[in-house]
2 protein chains.
Amino acid sequence: MSKPVTIKDIARKFKCSPSTVSRALNNHPAINEDTRRNLQEYAKKVGYQRNQVSLSLLNKKTASIGVIVPTINNYYESAIIEGIDAVLQPLGYSLHICVTNEQYLLEQGYVEKLLSNRVEGIFVSVSQETYDGGHYEHFENVYNRSLPLIFIDREYEGFAAGSVTIDDYLGAFVAVEHLIATGRKRIAHLRGPQGMSVADQRYRGYIECLQQHGFDRDETLIVHTDFKVESAIAPVDQLLGLPSRPDAIFCVNDQTAIGAMKVIRDKGLRIPEDIAVAGFDDSPISGYISPSLTSVARPGRQLGIEAARIFLQYQNATEKEAISEHLILPPQLMIRGSTGKRGK
Amino acid sequence: MSKPVTIKDIARKFKCSPSTVSRALNNHPAINEDTRRNLQEYAKKVGYQRNQVSLSLLNKKTASIGVIVPTINNYYESAIIEGIDAVLQPLGYSLHICVTNEQYLLEQGYVEKLLSNRVEGIFVSVSQETYDGGHYEHFENVYNRSLPLIFIDREYEGFAAGSVTIDDYLGAFVAVEHLIATGRKRIAHLRGPQGMSVADQRYRGYIECLQQHGFDRDETLIVHTDFKVESAIAPVDQLLGLPSRPDAIFCVNDQTAIGAMKVIRDKGLRIPEDIAVAGFDDSPISGYISPSLTSVARPGRQLGIEAARIFLQYQNATEKEAISEHLILPPQLMIRGSTGKRGK
DNA sequence: GACAACCCTGCAAACGTTTGAAATTTTTTA
DNA sequence: TAAAAAATTTCAAACGTTTGCAGGGTTGTC
């Protein structure tokens with residue numbers, strides 16, 4: 001009832017050897033027509049399922065790959081996974097998903113576990129703790145075993161590995177440039193957590209764009225959030241209370257942009273006439289809220305696809321030399337209502 | 001360089017038997033102190049990683065479970081996965097994620113594959129095609145092997161299996177009741193695709209709630225969408241053009257609610273004064289758009305947690321009798337601005 | 001009728017690990 | 001110093017499958 005049927009079971013039943021059964025089920029030519037048919041029929045009847053575990057042991061191929069991400073419950077991350085999946089599942093690979101919750105220790109544990117499970121490659125978007133601490137030792141085993149390792153979203157130059165990232169700096173730069181082009185003079189920034197790669201890059205894009213366009217630096221226009229909607233409320237409130245109010249806010253992501261829009265409306269100000277708002281991520285609803293939100297789109301699915309492509313290159317490389325390809329994808333600015341014409 | 005170090009390799013190096021190495025690494029008491037230390041040090045030095053595949057074969061335990069979902073790139077689905085993960089990863093389980101894109105054939109293939117990989121349990125949110133066709137044969141093997149099988153979101157009574165679902169009917173009922181309580185008289189419904197379980201249940205909740213409150217049935221107030229934002233545009237346009245306009249719209253999900261709100265605003269009508277809008281899903285932004293959206297929250301993460309809990313019950317049951325627990329979680333109505341006071 | 005050619009099946013080893021029982025070595029005891 | 005006891009190590013089998021090679025049987029050819 002409970003134990004799966006094995007080839008040996010079938011062999012015993014038919015008083016033949018396991019080899020014959022194996023060959024019959026795999027349509028090996030050197031097997032008698034009748035024998036094959038009988039065995040195949042019986043196997044089907046009893047619901048025989050070839051044991052992949054034993055095969056994996058024999059062939060040293062598991063057809064499974066590990067994906068380590070800080071979180072899964074989030075549009076961008078799951079788009080990446082979907083992209084990887086779209087390429088790799090049709091080729092027979094299984095995905096082992098590991099969620100680190102931004103914790104270094106968990107990440108380390110998952111790497112060990114994946115290695116132990118003999119996955120054929122690892123995709124990793126390193127956790128915040130890992131990134132902050134610069135602890136990359138746990139990837140050394142992966143490297144030593146010359147197992148395909150592909151960094152997603154955050155790059156590490158320590159050893160040869162692939163990486164696919166999105167140019168957050170450029171995305172921010174373009175967004176701010178757009179705000180400037182629409183005539184905004186006092187552009188504020190809802191910054192993300194300091195030390196966090198994506199947040200820092202966007203901040204840098206904001207700063208350098210203003211600089212290159214000859215704006216004076218004004219620290220009062222830069223406030224901090226933690227990416228969440230609520231964390232934008234107080235900072236934006238503060239911005240609007242400034243003696244000389246900003247006329248545009250570039251937000252580190254859409255969540256905070258939505259928070260900002262709420263505060264602005266609650267104060268009776270108009271978007272975009274009084275204040276323009278731009279976000280980052282182009283989440284699915286940004287086109288449908290009112291006003292629709294200008295936002296920088298990150299091609300998450302494409303990132304996953306490219307990462308999978310690089311993995312396959314490693315896999316198929318005849319030479320064992322580590323292919324270390326670094327790909328940087330451009331984000332795309334989606335211009336919508338929230339950065340429309342200024343009021344006078 | 002590439003080949004992983006095995007216990008045999010270490011044994012050869014130390015001129016001892018594999019058994020000794022295995023015991024030393026596992027801190028077996030019957031191993032000499034020095035021997036153990038030496039072996040452990042060496043193993044660490046060469047980066048030995050126990051091969052879980054061989055262990056799985058030996059113990060017939062893979063510590064991995066399969067999760068089959070129609071899509072992953074979506075708040076609700078990924079919340080479920082996150083919930084399952086939160087319970088099972090700490091216990092050492094790996095998650096094999098399979099995305100069916102609502103296709104029966106893929107789902108069937110994944111079931112075979114998971115069985116072949118000897119996962120210890122399968123969580124499945126069946127694809128639309130499976131549901132429509134009533135094709136559940138591919139789960140028979142799972143059942144015959146008395147492998148824990150847990151249906152998520154869509155229940156199947158064909159054979160003993162666990163299930164955790166959310167009471168969509170009740171959610172819709174409560175939402176519509178709320179609209180009635182706020183004084184609305186002509187309540188329209190943006191219906192989802194016919195034949196789709198969740199959509200149908202919500203429709204039923206809508207219908208029966210109106211009936212129980214003595215409303216006349218008005219087919220012109222029921223229009224169809226495919227869950228997507230865009231698909232709400234034309235139908236809502238049509239609703240607003242009716243000789244006797246609805247004063248409330250109950251939408252099958254938040255996406256369509258957002259689409260509806262856009263059309264309503266574009267027509268110069270006010271929400272909620274002229275028309276109230278309620279959605280379903282309580283997506284993260286619903287509290288922050290303007291007006292904030294009343295919506296029925298589905299506890300996805302909790303669903304995942306409960307499903308995992310049921311799985312563990314199967315696992316730990318001393319008797320092999322199939323525990324078949326069916327859990328129905330209540331959704332929660334989140335009342336917000338979009339269903340506030342009517343205008344006169 | 002002998003020998004080759006062919007068809008089909010079985011043997012045995014391999015993948016990496018664990019584990020009960022047996023064997024060996026070392027230590028203790030009388 | 002010999003026997004008993006304890007400590008440590010090895011043997012062998014097992015998990016399920018595949019596969020090169022050898023073996024056995026049948027048919028065909030001269």
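For clarity, every value in this text was computed on a predicted model and none was experimentally measured.

Digging into empty space enclosed by the protein
Phase 1: The tally for this structure, following the rule as stated, stands at two cavities of 30 Å³ or more.
Phase 2: There is about 250 Å³ of room inside the largest cavity.
Phase 3: Lining the largest cavity we find 16 residues, and of these A:Val53, A:His96, B:Val53, B:His96 and B:Asn117 sit closest to its centre.
Phase 4: Mapped onto the lining of the largest cavity, the elements with two or more residues apiece are α4 (52–59) and β2 (94–99) of chain A together with α4 (52–59) of chain B.
Phase 5: Broken down by class, the residue content of the lining of the largest cavity amounts to three nonpolar, 13 polar and no charged.
Phase 6: Approximately 40 Å³ is the volume found for the second largest cavity.

Points about the protein's contact with DNA strand C
Phase 1: DNA strand C sits among 26 residues. The nearest are A:Thr20, A:Lys60, B:Ile7, B:Ser22 and B:Tyr48.
Phase 2: Here, DNA strand C places atoms within 4 Å of the protein, and 61% of those atoms are sugar or phosphate.
Phase 3: Contacts to DNA strand C include A:Ser17, whose backbone N or O atom sits 3.0 Å from a phosphate oxygen.
Phase 4: Between DNA strand C and A:Asn32, the relevant distance is 3.1 Å, taken from a phosphate oxygen to a main-chain nitrogen or oxygen of the residue.
Phase 5: Elements that contribute at least two residues to the surface near DNA strand C include exactly α2 (18–25) and α4 of chain A together with α1 (7–14), α2 (18–25) and α4 of chain B.

A word on the domain arrangement of chain A
Phase 1: Once the domains are mapped, chain A shows domain 1 (7–50), domain 2 (59–166 + 299–331) and domain 3 (168–297 + 333–339).
Phase 2: Centre-to-centre, using C-alpha coordinates, domain 1 of chain A lies 39 Å away from domain 2 of chain A.

Some words on the packing of aromatic side chains
Phase 1: All told, the structure shown has 16 aromatic pairs over all chains when counted by the stated rule.
Phase 2: Taken together, a centroid distance of 6.2 Å and an interplanar angle of 75 degrees make the contact between B:Tyr136 and B:Phe151 edge-to-face. Residue B:Tyr136 is found in the loop between α7 (128–133) and α8 (140–144), and its partner B:Phe151 is found in strand β4 (residues 149–152); the two are separated by 15 residues along the sequence. Both residues of the pair, B:Tyr136 and B:Phe151, belong to the buried class.
Phase 3: Ring-pair connections join several aromatic residues into one group, and the members of that group are A:Tyr93, A:Phe123 and A:Phe311.

The rules behind these values
- Residues numbered from 1 in each chain as written.
- Chains lettered and ligands numbered in written order.
- Predicted model: local features only at pLDDT ≥ 70, side-chain atom pairs only at ≥ 80, totals over all residues.
- Heavy atoms only, no water.
- 1 Å grid on protein atoms, 1.4 Å probe; cavity = no way out; pocket = protein on both sides within 12 Å on 5 of 7 lines; lining within 4 Å.
- Points joined across faces, edges and corners; volume = space filled by probe spheres on them.
- Helix = DSSP H or I, 4+ residues; strand = E, 2+ residues; numbered from the N terminus.
- Nonpolar A, V, L, I, M, F, W, Y, C, P; charged D, E, K, R; others polar.
- Near = heavy atom within 4 Å.
- Polar contact = N/O pair within 3.5 Å; in protein donor to acceptor, adjacent residues only side chain to side chain.
- Domains from an automatic or database assignment.
- Phe/Tyr/Trp six-rings, centres within 6.5 Å; stacked < 30°, edge-to-face > 60°.
- Buried < 20%, exposed > 50% of the residue type's maximum accessible area, 1.4 Å probe, protein only.

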